[in-house]
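Close look at the chain arrangement
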Amino acid sequence: MRRFLARCTALLWRGHAERELEREVAAHLALMEEDFARRGMTAPEARLAARRAYGGVDLAKELHRDARSFVWLEQAARDVRHAVRSLGRTPGFALLAILTLALGVGVNTTLFTAYNAVALRPLPVAYPDRVVRLERWFESRSAGTIQYYFSLPEYQYAREHGTVFSALMAGTASIGVAARMDGTAEPEKLLGQLVTANYFSGLGVAAELGRTFLPEEDGTPGGNPVMVISHALWQQRFEGSPGVLGRVIQMNGTGYAVIGVAAKNFGSAAVDDPITQFWAPVSMREQLAGKDMQVQILGRMKDAVPVSRAEAETSLLVRQFGRTFEAKDRTTAVTLQHTSLMGNTEDIRFKAVVAGVMMLVGLVLLVACANIANMMLARGAGRQREIGVRLALGAGRGRMVRHLLTESFLLSFAGGLAGLVLSTWSSRLLSVALSRMLTGTPAAAAGFTLDLSVDARVFGYAMALSLAAGLFFGLAPALQFTRPDLSLALKEEGSSFGRQLTKSRLRGLLVGGQVAISMLLLITAGLLLRGLLRSHDADPGFETRGLFLMTADFGGKPAEGRARVVNQLRTRPELKFVALGSFPMMGTWTPPIVVPRGAATQPLRGRTLASYADEGYLATVGIPLLRGRGFTPQEVRTNAAVAVVSESAARRFWQDGDALGKRFDLDLDFRGTMKSFEVVGVVKDVRFANLTRVDPAHVYLTPKPGDFPGIVVRAEGDPRRAAEAIRAGVATLDRNMPASLWLTSVEDGPMLRERTQAGLCAALSSILAGLALVLAGVGIYGVMSYLVSRRVKEIGVRMALGASAGGVLRSVVLQSLRPVILGMAAGIAGAAGISSLLHTTLVFPGSTDVLYGVAFYDPATFLGLGSFLVLVAALASFIPARRAIRVDPMTALRCE
């Protein structure tokens, strides 16, 4: 410990330690001189004898410094100082390397900032690492958000009998309610949750104003009409006034007293909706959500309880409760999922999308690193004599590798900081674009914003990425140039330790890698852009203009309320057709289908798209009937086992295409229980599941009573007048219903969303491809400029011996295009592989075709972009080669 403290003291007060060392050495030499003088030597003889007896003074000082200090730290400091001076002598190289790395790090950090805001940022609660969400697993293997829903009795049973949680809280998903802020205003829609009384206290969230719920407010149903409002609603509707406490807000005919305002940064903890404007106790469920309310359960684990034990106990409790009644789908297990700000981010599909996008932007950084590595190789070749001298004088190879890597890490650190600044700017632009996209949506009305600010996690990611990049582009040159033939290193300036610069395999590999990645991104962007162009001309197969989709809060008896609305809307002259059924391009499902093919033949098995429709649905949407008939009102009322199939389904499942009167089986609940249907009609193929492709197989079924998801309306004449008629018709039945009304046209809703997604994919891939192309072009240009400058003597000799300028130019350009051609071939192969992988996903009927039918081997895209990249590489090589052949041969030879 004394030695360590002494080293720390010497490090902090180095000047004082040096002065003490000088005095000590001088005193020691003086004593030795006196001793030799007493022996009869003269003063000069005594001084010389003392120095001979003491040994090397400088060596003794170095040994003393090594003993009193941290050697590695001092060497690192010297390396940093030398790296700063070395980079300062080549500011152009340093600036280009920093800017190149800043582009790669900035793009990656921007994407990580968005991922951090969505998936990694924890709930703003006390000790969020101990808060978990319960997720159940069904016997039928059904998956999705249904895994997070439990009945209220299940929650109460687990809360009463559990021992692993210090608190167990429950809350519904966000529900839309028609509310009046004062008695005279028109109702407006508020999004809220019903929660247990311990919801806020269990999460450790205090009210910013007032209080949260008390335990007794979980009591008798309908007896506690109180509410806590969000901070955003408080600011938007009540201007942040403390007088909001005690205000009464009318919701569904009941007045709710505001007892508190939630903390500013706290929102919904629901897995499928981050927007909440108010919270009410579950005792008000009959007034706001109906009796059959389902909740999501959150738990705060006790400190000493492991996750495995908590999962085992919770699974046992839920299964025990399940034995008290006959469940449609039994629960086999319950797992605990860590919470995040934006709900479930552990879904494998979400992770796959994030991984794919991260890989794409990572390729840009890889191109940037290859670019800098090439520049480092060129720069290192110019310093080969300096490195050879250092090695010849006794510097170890490890010491020289550390010395060269210091320069790389210094560049990477500066590039990382610049990339972080660039990421901050681009994140602000992304935030503005996101706000504009949400304009007019419930999220914007509720004050939802995505925090894309830089936190410690983002900063750490940017720095780690920068250091990894520094190691990537700095290690190979450092290892190559510290393994020399010393005699050649000290004699030759035009070779790389015995190997000609123009034949560097590593340099060719790096150039080829840049070109391969650029080619991959270019082709991907080209295919997506062609898909974007096709999306604007994609015909869904039915008339979308004047087609509206709507749903609303239809009250405690949704089926009856929906029927009243349909009957009311059918009396409006502005509306041509009104029907009940599934919404086009807004989700469907793909049940297993089994088609019998005779006693001697195995039945045909597969998947098909399915949706619900009533007797007027096909005419309302505009799907032409080709053969047979549609549904009758009697079949719809009785949920008859009949179906209408698309012509693609008829061709696929019945080879002759004659499906009328044929039967097939569907597993509607995905539990292996098959139900037989008879085909009564065949309709034209349409793009119902999504706009990207025609449905490969589709069946339309009559629904069970009360299963209709929404209302489809066909306008007569002006669509704007039709929308006003819909709102007026709904208000005629219930003046509170317009507040919960969701109404959109197919053109402004699902079709716009589909085309916007195609545009975003194309824009992102185009930006990445453009960055990669620029970096590759700059890299090729830089390398060729350096190589041509090193070949001035060779070019001068060739020109002096009679070689033509065109021949020399052609030789240089063709030589530089060799790694480009190889890299281009590798990039084309990679792009073909990715495109083929995308097309294999289309085997599933509900998959989205992001290319809108563009073939994965599209010749126009592959050949056109390949030629374009070759042209860029040729120009990058041509310019420095043309500059070199303009040099007078005698001047070139004289300069050498």
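Summary of the structure given here. Each chain carries its own residue numbering, running from 1 in the written order of its sequence. Given that this is a predicted model, residues contribute local features only at a pLDDT of at least 70 and side-chain atom pairs are listed and counted only at 80 or more, while totals for whole chains, interfaces and linings are drawn from all residues. Hydrogen atoms and water are omitted, and side-chain values are computed over all heavy atoms in the structure.

Remarks on the nonpolar core
Among the buried residues, those of types Ala, Val, Leu, Ile, Met, Phe, Trp, Tyr and Cys that are joined through side-chain atoms within 4.5 Å form a nonpolar core. Relative accessibility decides the category of a residue: with a 1.4 Å probe and only protein chains considered, values under 20% of the type maximum give buried, values over 50% give exposed, and everything between is partly exposed. In terms of nonpolar packing, the biggest core is built from 67 residues, with Tyr617 and Tyr700 touching the most fellow members. If you tally residues by element for this core, the top one is helix 18 (residues 505-537), at 12 residues. Should any heavy atoms of two residues lie within 4.5 Å, those residues are counted as being in contact. Not counting chain neighbours up to four residues away, the residues in contact with Tyr700 comprise Ser611, Ile623, Phe631, Val642, Ala643, Val644, Val683, Val686 and Phe688. Residues Met227, Ile249, Met284 and Ile297 belong to the second largest nonpolar core, which totals 41 residues. Secondary structure elements follow DSSP: runs of H or I of four or more residues count as helices, runs of E of two or more count as strands, with numbering from the N terminus.

Brief notes about the pairing of strand 1 (residues 131-138)
Among the eight residues of strand 1, seven are classified as buried, and the element is accordingly described as predominantly covered. Two strands are said to pair when DSSP picks up at least two bridges between them. For strand 1 and strand 11 (residues 294-301), the ladder comprises three bridges, and the chain directions are antiparallel. By the bridge assignment for strand 11, Arg133 is matched with Leu298. Where strand 1 meets strand 12 (residues 331-338), seven bridges bridge the pair, whose relative direction is antiparallel. Bridge pairing in strand 12 links Glu135 to Thr335.

Things to note about the environment of Val870
Checked against the element boundaries, Val870 lands in helix 28 (residues 859-885). Each C-alpha atom of the pair Val870 and Met824 lies 8.2 Å from the other, and the pair is 46 residues apart in sequence. Residue contacts for Val870: discarding those within four places in its chain leaves Leu817, Ile821 and Met824.

Comments concerning unusual backbone geometry
Despite not being glycine, Glu239 shows a phi value in the positive range, around 55 degrees. Within the secondary structure layout, Glu239 lies in the loop between helix 9 (231-238) and strand 8 (248-251). The exposure class assigned to Glu239 is exposed, which follows from its relative accessible area of 70%. Backbone geometry places Asn639, a non-glycine residue, at a positive phi of 55 degrees. Here Asn639 lies in the loop between helix 21 (633-637) and strand 21 (642-646). Residue classification places Asn639 among the buried positions, given a relative accessible area of 16%.

Things to note about the pattern of salt bridges
One side-chain nitrogen of Lys or Arg within 4 Å of one carboxyl oxygen of Asp or Glu is enough to make a salt bridge. On inspection of all chains with the given rule, the structure shows 15 salt bridges. Taking the shortest distance from any N to any O, the salt bridge between Arg211 and Glu217 comes out at 3.0 Å. The partner of Asp685 in a salt bridge is Arg651, and the shortest N-O contact between them spans 3.4 Å. With a gap of 34 residues between them, Asp685 in the loop between strand 23 (675-683) and strand 24 (698-701) and Arg651 in helix 22 (residues 647-653) connect regions that are remote in the sequence. Look at Arg651 and you get partly exposed, because its relative accessible area is 47%.

Considerations on a negative patch on the surface
Negative charge collects at one region of the surface, where Asp539, Glu543, Glu747 and Asp748 lie side by side. You can see Asp539 is positioned in the loop between helix 18 and strand 15 (547-551). By definition, no residue in a patch forms a salt bridge, and every one has over 30% relative accessible area; like charges are joined within 9 Å, nonpolar side chains (Val, Leu, Ile, Met, Phe, Trp, Tyr) within 5 Å. For the accessible areas, the method is Shrake-Rupley and the probe is 1.4 Å, while residue cover comes only from the protein chains on display. Under this rule, positive means Lys or Arg and negative means Asp or Glu; His and the chain ends count for nothing. Taken as the charge centre is NZ of Lys, CZ of Arg, CG of Asp or CD of Glu, depending on the residue.

Remarks on a nonpolar patch on the surface
Together, Phe413, Leu417, Val454 and Phe459 make up a nonpolar patch on the protein surface, roughly 330 Å² of accessible area in all. Mapped onto the fold, Phe459 is located in helix 16 (residues 456-481).

Concerning the sheet that holds strand 26 (residues 742-745)
Note on sheets: strands pair through backbone hydrogen bonds, and any given pair is parallel or antiparallel. Read from one edge to the other, the open sheet built from four strands follows the order 16-25-15-26, with strand pairing classed as antiparallel. The open sheet is flanked by strand 16 (575-580) and strand 26, the only strands paired with a single partner. If you compare each strand with its neighbour and ignore which way they point, the axes differ by 20 degrees on average. Pairing geometry for strand 16 and strand 25 (residues 711-715), over five bridges, is antiparallel. What sits directly across from Val578, in strand 25, is Val713. Comment: axis = line fitted to C-alpha atoms, over the contacting stretch for helices; angle = value between 0 and 180 degrees taken between N-to-C directions. Packed on one face of the sheet, helix 23 (residues 719-733) meets strand 15, strand 16, strand 25 and strand 26 and runs near 20 degrees to strand 15.

Quick look at the environment of Arg457
Within the element layout of this structure, Arg457 appears in helix 16. The residues touching Arg457, leaving out its near neighbours within four places in the chain, are Phe112, Asn116, Leu120, Arg121 and Pro122. For this analysis, a polar contact is any N or O atom pair within 3.5 Å, provided that within protein one partner can donate a hydrogen and the other can accept it, and provided that sequence-adjacent residues contribute only side-chain to side-chain pairs. For Arg457, the side chain forms a polar contact with the side chain of Asn116, separated by 2.7 Å.

Quick word on the packing of aromatic side chains
For Phe, Tyr and Trp, where Trp contributes only its six-membered ring, two rings pair if their centres lie within 6.5 Å, and the inter-plane angle classes them as stacked under 30 degrees, edge-to-face over 60, or tilted in between. Counted according to the given criterion, the structure contains 14 aromatic pairs. Look at Phe112 and Tyr461: their rings are 3.9 Å apart centre to centre, the planes differ by 5 degrees, and that puts the pair in the stacked class. With Phe112 in helix 6 (residues 91-120) and Tyr461 in helix 16, this residue pair connects regions lying 349 residues apart in the sequence. Judged by its relative accessible area of 9%, Phe112 falls in the buried class. Within the aromatic cluster, the residues linked to one another by ring pairs are Tyr199, Phe200, Phe213, Phe266 and Trp279.

Observations concerning a positive patch on the surface
A surface patch of positive charge is lined by Arg78, Arg81, Arg85 and Arg89. Mapped onto the secondary structure, Arg89 falls in helix 5 (residues 71-89).

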